[in-house]
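# Examination of the molecular architecture
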Amino acid sequence: MDKNEDINEPGLLNLPDSLRLLAGRGFARSYRRGTLLIEEGTQGDSLYLVLSGSLRAFGCDARGREVTYGIYGPGEYVGEMSLDGGPRSASVICEIPSRCVMLTRASLLEHISAHPEFALELLTKVIRRARAATLSTKQLALNDVYGRLKALLESDVEAGDVHLTHQAMATRLGCSREMVSKLVKDLEQGGYLVRVANGHYKRLKSLPQRW
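Read on for a plain summary of the structure. Predicted model only: the values in this text are computed from it and were never measured. Within each chain, residues carry numbers counting from 1 in the order of the written sequence. For a predicted model such as this one, the threshold for reporting local features is a pLDDT of at least 70, and the threshold for listing and counting side-chain atom pairs is 80 or more; totals across whole chains, interfaces and linings nevertheless cover every residue. Hydrogen atoms and water are omitted, and side-chain values are computed over all heavy atoms in the structure.

So, about the overall build of the chain. Check the secondary structure of the chain and you find six helices and nine strands. Counting every position in the chain, which comprises 211 residues, the buried fraction comes to 40%. It only takes one pair of heavy atoms within 4.5 Å for two residues to be counted as in contact. Considering only contacts in the chain between residues 6 or more positions apart, those separated by 24 or more positions represent 64%. A total of about 12,000 Å² of accessible surface is found on the chain, and carbon and sulfur atoms cover 53% of it. A run of H or I in DSSP counts as a helix once it spans at least four residues, and a run of E counts as a strand once it spans at least two, with each numbered from the N terminus. Think of it in three bands: residues with accessible area under 20% of the maximum for their type are buried, residues over 50% are exposed, and the middle band is partly exposed, with areas taken using a 1.4 Å probe on protein chains only. Every accessible area reported is derived by Shrake-Rupley at a probe size of 1.4 Å, with residue values counting cover from the shown protein chains alone.

With that settled, the discussion passes to the packing of aromatic side chains. Planes of paired rings set the category: under 30 degrees apart is stacked, over 60 is edge-to-face and the rest tilted, where pairs are Phe, Tyr or Trp rings (Trp by its six-membered ring) whose centres lie within 6.5 Å. This structure, assessed with the given rule, holds two aromatic pairs. With a centroid separation of 6.4 Å and an interplanar angle of 80°, the aromatic rings of Y31 and Y48 are classed as edge-to-face. In this pair, Y31 sits in strand β1 (residues 27-31) while Y48 sits in strand β3 (residues 46-60), placing the two residues 17 residues apart along the sequence. Classification of Y31 by relative accessible area gives buried; the value is 10%.

Before going further, it helps to spend a moment on helix α6 (residues 177-189). Given the number of residues in a helix, its expected span is that number minus one, multiplied by 1.5 Å. A rise of 1.5 Å per residue sets the reference length of α6, with its 13 residues, at 18 Å; its end C-alpha atoms lie 18 Å apart and thus fit the reference within 8%. Among the residues of α6, V180, L183, V184, D186 and L187 are the ones counted as buried. The arc enclosing the buried residues of α6, seen along the axis, measures out at 160°, which places them on a common side. Exposed residues lying more than 90 degrees from the buried face of α6 are E178, K182 and Q189. Of the residues one or two after α6, G191 is the one with positive phi, at around 80°. Regarding the arc, it is the one traced by the directions from the helix axis to the C-beta atoms.

What follows deals with the pattern of salt bridges. One speaks of a salt bridge when a side-chain nitrogen belonging to Lys or Arg is within 4 Å of a carboxyl oxygen belonging to Asp or Glu. Enumeration according to the criterion identifies five salt bridges in this entry. Two residues, R25 and E110, come together in a salt bridge whose shortest N-O distance is 3.8 Å. Highlighted residues: R25 in the loop between α1 (17-23) and β1 and E110 in helix α2 (residues 105-114), separated in sequence by 85 residues. On the accessibility criterion, R25 (16% relative accessible area) is buried. Classification of E110 as partly exposed rests on a relative accessible area of 42%. Notably, a salt bridge pairs E178 with R177, separated by 3.5 Å at the nearest N-O pair.

This part is about helix α5 (residues 166-173). Among all positions in α5, only H166, M169, A170, T171 and L173 are buried. Just downstream of α5, G174 is the residue with a positive phi angle, here 75°.

Shown next as C-alpha cells:
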C-alpha cells in the first residue's frame, strides 16, 4: 500500500487497482460547484483524479465564448496534458460538488517508476482524448448546428436519456442557447424528444439525419 493511501476514503475502493494505487500518492480534497481547478494558459504540474462529482474541461476566447472539450466523472483524471512542462491547454471547473485526489508530476513519475505498465495506460488515455478532440473539431467545421446537436445527443445518451440543460448543450456545441432551445422544441414537437424534468429529456426514437 502506498504511503498516502487512506482505505476509508469514499470512492477510493471503487477505482481500478492501477488508479487506486496512484491515488494513494496524492491528497484528497472536496471542491464546491464552480471551483476552477485548472486555468487555461497557466503553468502547473497537477493532475486531478476524480473520486466523486463531475469536472468540465473547456476553453474560451477573448470575448468569453466557451467550448467544452469533455465532462469527466469518477475514475477519470484531468491535467495530464501539462505534465510536459508546457502551459495548461484548457480550464477545468467543477460542474457539481466534487472530491478529487491532487497529484503532482513528481508523484506521477514515482508511480510510473514503480508500475511501468501505467505509462501505457496514460498514453492510451492521451491518444483517445486527442482523437476525440480531432473528431469534435471536424464536426464543428463540417456540421451545421443540428448535425452537431444530433451527434451530441447520440454520443452522450445512455438508454435514451439526456441530462443536459440548453445552456450546457450550447456551450458544448459552440452556438447560442436560443438556437439549441429552438431545435429541441422542434424535436419535441416532432415526437423525437420528451421533457421529463428541467434539463432532463428522453429520446423516443432515432433522430433524423437532417432537420
